[in-house]
Amino acid sequence: MASMLDLAKSPAASADPMVPRVVRVTRRRGDAPEIVTLEIDIDGGFTFTPGQFNMLTAFGVGEVAISISGDPVNRGTLVHTIRDVGPVSGALTRLRPGESLGLRGPFGVGWPMAEAAGRDVVIVAGGLGLAPLRPSIYRVLAERDRYGKVAILYGTRSPGDILFHRELETWRRRLDATVEVTVDHGNQDWHGHVGVVTKLVQRADFDPASAIAMVCGPEVMMRFGAAALHEAGMPDEAIYLSMERNMKCAVGFCGHCQFGPVFVCKDGPVFTHDRLRHILALKEI
Amino acid sequence: MSDSAQAPQSAYIDVNGLQQLLDALRRRGFRTVGPRLRDQAIVYDDIESIEDLPRGWTDDQEAGRYRLLRRDDEALFGYAVGPHSWKKFLHPPVQKLWKSERKDDEVRVIPEPIADERLAFIGMRACELRAIAIQDKVLTEGVNKDPHYAARRKGAFFVAVNCGKAGGTCFCVSMNAGPKAESGFDLSLTELIDKRGHGFLIEAGSDDGREVLSELPNRAASESEREAAEAVVAKTASSMGREMKSDDLHDLLLRNLEHPRWDAVAERCLTCSNCTMVCPTCFCTSVEETSDLTGDETSRSRRWDSCFTIDYSYLHGGSVRSSTKSRYRQWITHKLATWIDQFGSSGCVGCGRCIAWCPVGIDITEEVRAIRDSETK
Amino acid sequence: MEGLERIVREHKFFAGLDEEYVKLVTGCAKNVRFEAGEYLFREGGPADQFYLLREGRVALEISAPGRSAISFLTVDEGEVCGVSWLIPPYRWSYDGRAIGLVRALSIDALCLRNKCEADHHFGYEMMKRVMPVVIQRLHATRLQVLDVYGVDA
């Protein structure tokens with residue numbers, strides 16, 4: 001019989017999808033107030049598709065769902081951008097390099113990278129929503145020829161809250177993609193847009209009849225963002241959102257993440273707007 | 001009626017034969033559990049002898065009411081279902097998942113071993129067999145499988161009983177889930193008790209069942225015994241305590257998500273979550289992390305949870321479903337409507353437990369009827 | 001004048017406007033330019049004109065003591081800058097600062113208000129164009145007020 005040590009270290013830790021494997025933080029970086037990015041080098045690599053998430057355990061505290069925010073091509077390192085909003089996420093943001101955490105995943109249906117081939121891609125991110133979209137941005141920009149026009153539209157609270165500031169600058173400097181950033185309120189040093197991200201949608205250059213949109217951010221922002229894209233002429237089947245709900249298992253057993261008929265953990269978290277439109281605007285579904 | 005290779009052979013055993021069935025199962029190493037009387041209810045627990053069964057008892061169930069009454073005979077299974085369902089054994093209220101140990105900066109995770117126990121359920125009702133099939137779908141037939149449930153389920157031996165009495169809140173007929181156990185059992189019993197005697201029509205539903213049956217003193221059932229058994233089932237089927245038209249529930253409920261009836265039922269519902277605890281198909285769980293003072297040893301367990309609790313849908317500082325109305329609506333629309341989208345069948349088997357065990361007597365069949373009737377008016 | 005008329009006719013804001021009204025507006029219009037950092041208008045000042053941006057970006061700002069100015073909206077080329085000219089007391093509610101070079105059409109508010117009074121059809125054409133801007137800004141402001149990116153969003 002395999003020793004317990006072997007079981008704990010093997011990539012498929014156990015036949016039980018609820019049992020995590022143990023990994024260590026390799027690097028830690030503070031990104032913005034209360035937001036930390038953890039990088040985890042993984043022996044044997046880690047494969048995921050943009051838009052998927054993992055369940056991360058802070059031993060002794062609990063487990064929480066966190067989107068994968070790294071480059072899918074870089075299989076040796078797993079990247080998670082985490083905001084401190086509670087005991088578990090807070091404990092994860094306080095982990096230092098070398099410290100251990102539990103990992104289960106990857107889970108979920110990700111962004112429609114294959115469907116986007118040959119089409120204009122509009123990425124609409126709000127706040128921390130840029131993190132689950134970053135792997136998709138990496139993929140699109142790395143395989144730039146596969147896609148039409150690319151517009152990256154990002155809205156957040158204030159200039160100090162801009163996530164991945166340096167990368168946004170790098171992407172903006174490319175001639176083959178448009179990057180527009182807007183904030184809810186700006187200061188004297190801010191020369192960019194001030195206003196809602198939906199306004200950026202109205203001004204973006206894409207063919208609404210054939211484009212594909214990937215939207216992620218607070219649910220209110222996604223609702224209005226999807227409405228703006230639809231008003232600009234995009235069909236609801238071409239607008240993709242990443243939903244979030246309470247998750248205790250990520251494998252469709254605990255029931256917590258249900259949203260109408262779907263389990264956000266296994267039917268999502270990425271959904272087309274036409275699939276969810278009828279319940280998105282309903283209260284308390 | 002001619003015997004075909006498919007049709008189960010009906011045999012007859014007497015009451016002593018039932019005791020021998022228990023003994024045969026125990027000899028094989030099964031833990032035998034079945035109905036017994038405790039705390040003024042008929043619950044499922046360990047049984048060794050037929051004397052442990054609630055001989056001569058029946059139940060009187062209505063919305064918000066459950067009482068035990070003496071029968072005027074000595075029937076061993078003369079009642080409907082109580083507050084327990086077999087999920088307390090297959091999908092236990094608390095299940096440890098793993099533990100972690102930290103030593104010298106190295107953390108190891110040790111999965112909880114799969115339980116080695118083989119369970120034999122004595123006296124399962126048709127609705128309960130259906131409920132288990134429904135939970136099988138959720139926990140073992142998707143992309144992911146729950147290994148603890150799967151192991152308990154695989155090793156289990158099912159002895160069904162065809163109900164001799166419909167409960168006051170039963171509506172298995174409406175849900176096509178009873179009262180006759182059609183499949184999914186190893187052995188099936190129909191209790192025959194009259195002036196001629198007291199025994200059971202017994203049928204095998206599997207090879208394991210046939211093997212065990214062959215060890216019991218039995219004889220072929222007579223024509224009149226087979227007819228008597230059919231009559232028992234027919235009488236039960238025609239005396240259901242409730243009915244619920246169920247072929248249109250998906251669309252009916254999902255097009256009425258803002259119906260004022262939800263507000264009305266919310267005035268009564270206490271969100272006590274009794275209904276989810278007694279429901280044989282409810283499967284929701286939550287996880288709990290425990291730790292010693294140093295954090296060197298931690299463990300995680302899974303425990304039953306209910307969509308009625310306020311933090312079930314907690315997200316970003318608040319709950320998605322904070323009102324009672326939204327939580328009641330979630331439970332009933334999941335059970336009767338979106339379950340079909342998710343798993344291909346209704347989540348309800350018509351056992352009526354939620355009606356009996358609701359402290360304020362909310363009746364799922366009445367709520368559905370009110371919404372349907374409001375459309376035709 | 002001819003060049004100005006063409007600029008008016010081609011600006012997004014006046015799309016679909018009858019020729020005679022284009023001439024009417026041109027009579028109230030002039031070309032203006034602001035350098036980076038220059039204020040187009042200041043809070044409390046007379047809202048005697050409004051601007052149709054042709055190039056560049058304007059930040060609408062509010063100042064408070066002890067804090068540097070907070071910008072709550074930027075207006076870009078093709079858009080309208082200034083709605084306070086529509087209602088008494090015809091005073092600017094905020095500061096408007098040019099971020100980078102700004103070229104704009106400045107429309108004399110008093111001139112335009114008089115022409116709207118004299119010709120109600122023309123007045124309606126103006127209102128039809130201004131109202132959507134006001135309503136969109138209202139919707140946007142509500143979203144901004146919700147602070148959806150806040151921690152407890």
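Since this is a predicted model, take the numbers as computed values, not measurements.

Draft legend 1. Spatial organisation of the domain arrangement of chain B. Residue and element names in this part refer to chain B. When the domains of chain B are assigned, the result is domain 1 (10-97 + 111-237) and domain 2 (249-282 + 307-376). With centres defined by C-alpha atoms, the gap from domain 1 to domain 2 works out at 28 Å. For the side of domain 1 that touches domain 2, the secondary structure elements donating two or more residues are strand S4 (57-62), strand S5 (65-70) and helix H3 (126-140). Counting residues per element, the side of domain 1 that touches domain 2 draws most heavily on H3, which supplies 8 residues. Here the side of domain 1 that touches domain 2 is built from residues that sort into 13 nonpolar, 7 polar and 6 charged.

Draft legend 2. Seen up close, the sheet that holds strand S2 (residues 27-32) of chain A. Residue and element names in this part refer to chain A. Strand order in the open sheet formed by 3 strands is S2-S3-S6, with antiparallel pairing between adjacent strands. Lying at the two open borders of the sheet, with one neighbouring strand each, are S2 and strand S6 (77-83). Strand-to-strand twist across the sheet, computed as the mean angle between neighbouring axes with direction ignored, equals 20 degrees. By the bridge criterion, 5 bridges tie S2 to strand S3 (residues 35-41) in an arrangement that is antiparallel. Across the sheet, arginine 28 pairs through a bridge with leucine 38, a residue of S3.

Draft legend 3. Molecular detail of the pairing of strand S6 (residues 94-103) of chain B. Residue and element names in this part refer to chain B. Strand direction decides the pairing type here: S6 and strand S14 (residues 297-304), joined by 7 bridges, are antiparallel. Pairing of lysine 96 across the sheet is with serine 301, part of S14. As paired elements, S6 and strand S7 (residues 106-111) share 6 bridges and run antiparallel to each other. Residue pairing in the sheet places lysine 103 in a bridge with glutamate 106 of S7.

Draft legend 4. Region of the structure containing the pairing of strand S12 (residues 212-216) of chain A. Residue and element names in this part refer to chain A. Among the 5 residues of S12, 5 are classified as buried, and the element is accordingly described as predominantly covered. Burial along S12 is two-sided: the residues Ile212, Met214 and Cys216 and Ala213 and Val215 are all buried. Examined bridge by bridge, strand S8 (residues 121-126) and S12 share 5 bridges and lie parallel to one another. In the sheet register, isoleucine 123 faces S12, and the bridge partner there is methionine 214. Taking the sense of rotation as the criterion, the β-α-β connection linking S12, helix H7 (residues 219-231) and strand S13 (residues 239-242) turns out right-handed.

Draft legend 5. Focus on the interface of chain B and chain A. Contacts between the two partners involve 39 residues from chain B and, on the opposite side, 37 residues from chain A. Listing elements by their share of the side of chain B that touches chain A, those giving two or more residues are S6, S7, strand S13 (285-291), strand S15 (314-315) and helix H10 (324-343) of chain B. Looking at the side of chain B that touches chain A, its residues break down into 18 nonpolar, 16 polar and 5 charged.

Draft legend 6. Representation of the sheet that holds strand S9 (residues 150-156) of chain A in the model. Residue and element names in this part refer to chain A. Taken together, the 7 strands give an open sheet; going across it, the order is S11-S10-S9-S8-S12-S13-S16, and neighbouring strands pair in mixed fashion. The sheet is open, and its two edges are formed by strand S11 (193-194) and strand S16 (270-272), each paired on a single side. Sheet topology places S13 next to S16; 3 bridges connect them, and they run antiparallel. Looking at the pairing, leucine 241 lines up with phenylalanine 271 of S16. Its contacts with the sheet place helix H4 (residues 130-142) against S8, S9, S12 and S13, and it is angled at close to 155 degrees to S8.

Draft legend 7. Molecular detail of the domain arrangement of chain A. Residues and elements named next belong to chain A. One can read the domain layout of chain A as domain 1 (4-107) and domain 2 (113-280). For domain 1 versus domain 2, the separation of C-alpha centres amounts to 23 Å. Counting residues at the interface gives 22 residues for domain 1, matched by 20 residues for domain 2. Among the secondary structure elements, those contributing two or more residues to the side of domain 1 that touches domain 2 are S2, strand S4 (53-58), strand S5 (62-67), S6 and strand S7 (100-107).

Draft legend 8. Unusual backbone geometry, seen in detail. A cis amide bond links A:Gly105 to the next residue, A:Pro106, at an omega of 5 degrees. Locating A:Pro106 in the fold gives a position in strand S7. The residue A:Glu284 is not glycine, and still its phi comes out positive at about 60 degrees. Tracing the sequence through the fold places A:Glu284 in the segment after helix H8 (273-280). Unusually for a residue other than glycine, B:Asp104 sits at a positive phi of about 50 degrees. Relative to the elements of secondary structure, B:Asp104 occurs in the loop between S6 and S7.

Draft legend 9. A look at the nonpolar core. Counting 192 residues, the largest nonpolar core has A:Val122, A:Ile123, A:Leu153, A:Ala213, A:Val215, B:Val159 and B:Ala160 as its most contacted members. Per-element accounting of this core gives the leading share, 8 residues, to H3(B). The residues contacting A:Ile123, other than those within four sequence positions of it, are A:Leu133, A:Ser136, A:Ile137, A:Ala151, A:Ile152, A:Leu153 and A:Met214. Formed by 36 residues, the second largest nonpolar core is a distinct cluster that contains A:Val194, C:Phe50, C:Leu73 and C:Tyr94.

Draft legend 10. Structural detail: helix H6 (residues 223-237) of chain B. Residue and element names in this part refer to chain B. An ideal rise of 1.5 Å per residue puts 21 Å on 15 residues; H6 measures up with 21 Å between its terminal C-alpha atoms. Within H6, burial applies to Glu225, Ala229, Val232 and Thr236. Relative to the axis of H6, the buried residues are bounded by an arc of 55 degrees and lie together on one face. Of the exposed residues in H6, those oriented more than 90 degrees away from the buried face are Glu223, Ser224, Glu227, Ala231 and Ala234. Packing partners of the buried residues in H6 comprise strand S1 (10-14), strand S10 (187-194) and strand S11 (197-204).

Conventions and cut-offs
Residues numbered from 1 in each chain as written. Chains lettered and ligands numbered in written order. Predicted model: local features only at pLDDT ≥ 70, side-chain atom pairs only at ≥ 80, totals over all residues. Domains from an automatic or database assignment. Helix = DSSP H or I, 4+ residues; strand = E, 2+ residues; numbered from the N terminus. Nonpolar A, V, L, I, M, F, W, Y, C, P; charged D, E, K, R; others polar. Pairing = 2+ DSSP bridges. Axes fitted to C-alpha atoms, helices over the stretch in contact; angles between N-to-C directions. Buried ≥ 20, exposed ≤ 12 C-beta atoms within 10 Å, placed from the backbone. Right-handed = clockwise from strand over helix to strand, strands pointing away. Contact = placed C-beta atoms within 7 Å. Core = buried A, V, L, I, M, F, W, Y, C linked by C-beta atoms within 7 Å. Expected span 1.5 Å × (residues − 1). Arc of directions from axis to C-beta.

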